[in-house]
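# Examination of the molecular architecture
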Amino acid sequence: MNSEAKTLNVVVLGAGSIGCYLAGCILAHNGCTEQCAPFTLTLIGRPRLQHDILTNGLTLTDWQGRNDKIASSLINFTIDYDALASADFILLCVKSQDSQSAAQIIQEHAKSDATVISFQNGVANGDILASQLSQPIVKGMVPFNVFYQGSGRFHCGTEGHLAIEDPESICTPVVDLLERAQLPVTVYDDISSVQYGKLIMNLNNAVNALSGIPLKQQLGERAYRLVMAEVLKEALFVLKAEGIAPARTGKVIPKLMPTIMMLPNFLFNIVAASTLKIDPQARSSMYEDLQLGRTTEIDFLNGEIERLGKKHKIATPVNSNIIALIKRAQGKNSKSPMLSAAELLHTPVNCH
């Protein structure tokens, strides 16, 4: 290794399930070799996770059999935003509703040429960040689900490649770290259609959270799939009105998803076996939010569909009802409501 090589400083801001998983994979697979420039990696997150990880280290598993373990002594996890001062790249993994406050933190603590990569759900975060920050903003997308299992364990239960919008290749050093960490990255000149493709997939987050059961089990029940078919029909209709064609982010073409969801179980199972790789343990991040009594990203997911529907005067009753059900459930610091599919379709809920 060249001792003259500049150390690359990477900071994960918002080290929750996704942030810890990305950081842990990088740490596990980027030892100092001739092919790897020296780097530092710092995680900034909540005190609860800091205590957990500094006590237990990190364990990263996935549906393909990954089993990486990183000792706590090798992990720099802090709650101090001053760690941003030396960052060359900031991997932003906060919830969408926290983008504005994260921008204020970055503005106060980070250097002016630090590149911010938004690895967040939803489609608006890049624009929110760009409106408040002078630093370079790179839009990103995480296609897979990560579920926090406690004791420093994070499990990736679904498949997919990371994506970033980087026409000028300013993120090559980070892409290299992720690729070596067995986290493939697809680089785009324009990621908008990919983000909307991921939004389509993420519309199931709320359905899963309200069902209270694992993703694979939920999608295995046709009644819940029929709910998703209605959610997706509304979404695709308003996106078409907006002139947006969501891109495929996995093996399923977005416009075919309502039809696939409506298939009888025996046909759906055949299609799912080749197109939807989901671990039996996987749950949506929104389920975890409800379990912990936190505010969810519902306004940036199904809420985006409702917003576009209002813009084009198109009714989105199923998405609107699911939004209301999530808002009724969130913040109660209780278990998932475990609603039936019929309740998701027909429960009259005041949306205001």
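The structure displayed is predicted, hence computed values, not measured ones.

With the exception of glycine, the majority of residues adopt a negative phi angle, and the majority of peptide bonds are in the trans configuration. Not every positive phi belongs to a glycine, and lysine 313 is a case in point at roughly 55°. The backbone of methionine 338 shows a phi angle near 55°, a positive value even though the residue is not glycine. Of note, methionine 338 is situated in the loop between α14 (317-329) and α15 (341-346).

Next up on the list: the sheet that holds strand β3 (residues 58-62). What the four strands build is an open sheet, ordered β4-β3-β10-β9; its pairing is mixed. Only two strands of the sheet have a single neighbouring strand rather than two, namely β4 (67-70) and β9 (146-150). If you compare each strand with its neighbour and ignore which way they point, the axes differ by 20° on average. Judged from the four bridges that link them, β3 and strand β10 (residues 153-156) form a sheet pairing that is parallel. Across the sheet, residue threonine 61 finds its bridge partner in β10, namely histidine 155. Across the face of the sheet, helix α1 (residues 17-29) comes into contact with β3, β4, β9 and β10 while running at roughly 95° to β3. Across the face of the sheet, helix α2 (residues 47-56) comes into contact with β3, β9 and β10 while running at roughly 70° to β9.

Bringing the packing of aromatic side chains into the picture now. One pass over the full model with this rule turns up three aromatic pairs. Lying over the aromatic face of phenylalanine 268, arginine 225 brings its terminal NZ or CZ to 4.0 Å of the ring centre. Between the NZ or CZ atom of arginine 283 and the centre of the ring of tyrosine 287, over which it lies, the distance is 4.3 Å.

Across the five residues of strand β8 (residues 137-141), four count as buried, placing the element largely inside the fold. Here strand β7 (residues 115-118) pairs with β8 via three bridges, running parallel. Within β8, the residue paired with valine 116 across the bridge is isoleucine 137. Read as a crossover between parallel neighbours, the route from β7 over helix α4 (residues 125-132) to β8 is right-handed. Bridge count between β8 and strand β11 (residues 162-165): two bridges; the pairing is antiparallel. Among the inter-strand pairings, glycine 140 is bridged to a residue of β11, identified as isoleucine 164.

Throughout the structure, instances matching the rule amount to 11 salt bridges. Glutamate 230 is the partner of lysine 233 in a salt bridge, and the nearest nitrogen-oxygen pair spans 3.4 Å. You can see lysine 233 and its partner glutamate 230 sitting in helix α9 (residues 222-242), three residues apart, about one turn around the helix. Judged by its relative accessible area of 37%, lysine 233 falls in the partly exposed class.

Moving on, we get to the sheet that holds strand β5 (residues 76-78). The strand order across the open sheet formed by eight strands is β5-β2-β1-β6-β7-β8-β11-β12, and the pairing between neighbours is mixed. Edge positions in the sheet fall to β5 and β12 (185-188), since each of these pairs with one other strand and no more. Going from strand to strand, the sheet's axes swing by 25° on average, the running direction of each strand aside. On the sheet, helix α6 (residues 192-202) packs against β8, β11 and β12 and is oriented at approximately 40° with respect to β8.

A cluster of nonpolar side chains, Phe266, Leu267 and Ile270, forms an exposed patch at the surface whose accessible area comes to about 310 Å². Here phenylalanine 266 lies in helix α11 (residues 265-275).

One way to put it is that α9 packs onto helix α13 (residues 302-311) with a least axis distance of 9 Å and a crossing angle of 50°. Here α9 lies oblique to α13, going by the angle between them. The way α9 lies across α13 gives a crossing that is left-handed. Note on element contacts: α13 touches α9 through Asn302, Ile305, Leu308, Gly309 and Lys311, opposite Val231, Glu234, Ala235, Val238, Leu239 and Glu242.

Examined against the element boundaries, arginine 225 turns out to sit in helix α9. Among buried Asp, Glu, Lys and Arg side chains, arginine 225 stands out as unpaired, with glutamate 221 the closest opposite charge at 8.6 Å. Polar side-chain contacts of arginine 225 include one of 3.2 Å to the backbone oxygen of methionine 261.

We now examine the environment of proline 264. By the element assignment, proline 264 lies in the loop between α10 (257-261) and α11. Proline 264 gets classed as partly exposed once you look at its relative accessible area, which sits at 32%. With 43 residues separating them in the primary sequence, proline 264 and glutamate 221 have C-alpha atoms 9.5 Å apart. Dropping the residues within four chain positions of it, proline 264 is found in contact with Arg222 and Arg225.

Thresholds applied
Residues numbered from 1 in each chain as written. Predicted model: local features only at pLDDT ≥ 70, side-chain atom pairs only at ≥ 80, totals over all residues. Heavy atoms only, no water. Helix = DSSP H or I, 4+ residues; strand = E, 2+ residues; numbered from the N terminus. Pairing = 2+ DSSP bridges. Axes fitted to C-alpha atoms, helices over the stretch in contact; angles between N-to-C directions. Contact = heavy atoms within 4.5 Å. Phe/Tyr/Trp six-rings, centres within 6.5 Å; stacked < 30°, edge-to-face > 60°. Lys NZ or Arg CZ within 6 Å of the ring centre and 35° of its normal. Buried < 20%, exposed > 50% of the residue type's maximum accessible area, 1.4 Å probe, protein only. Right-handed = clockwise from strand over helix to strand, strands pointing away. Salt bridge = Lys/Arg side-chain N within 4 Å of Asp/Glu carboxyl O. Patch = residues over 30% accessible without salt bridge, like charges linked within 9 Å, V, L, I, M, F, W, Y side chains within 5 Å. Areas by Shrake-Rupley, 256 points an atom, 1.4 Å probe, with all protein chains shown as cover. Parallel < 35°, antiparallel > 145°, perpendicular 65-115°, else oblique. Left-handed = near helix turned anticlockwise from the far one by under 90°. Lys, Arg positive; Asp, Glu negative; His and termini not counted. Polar contact = N/O pair within 3.5 Å; in protein donor to acceptor, adjacent residues only side chain to side chain.

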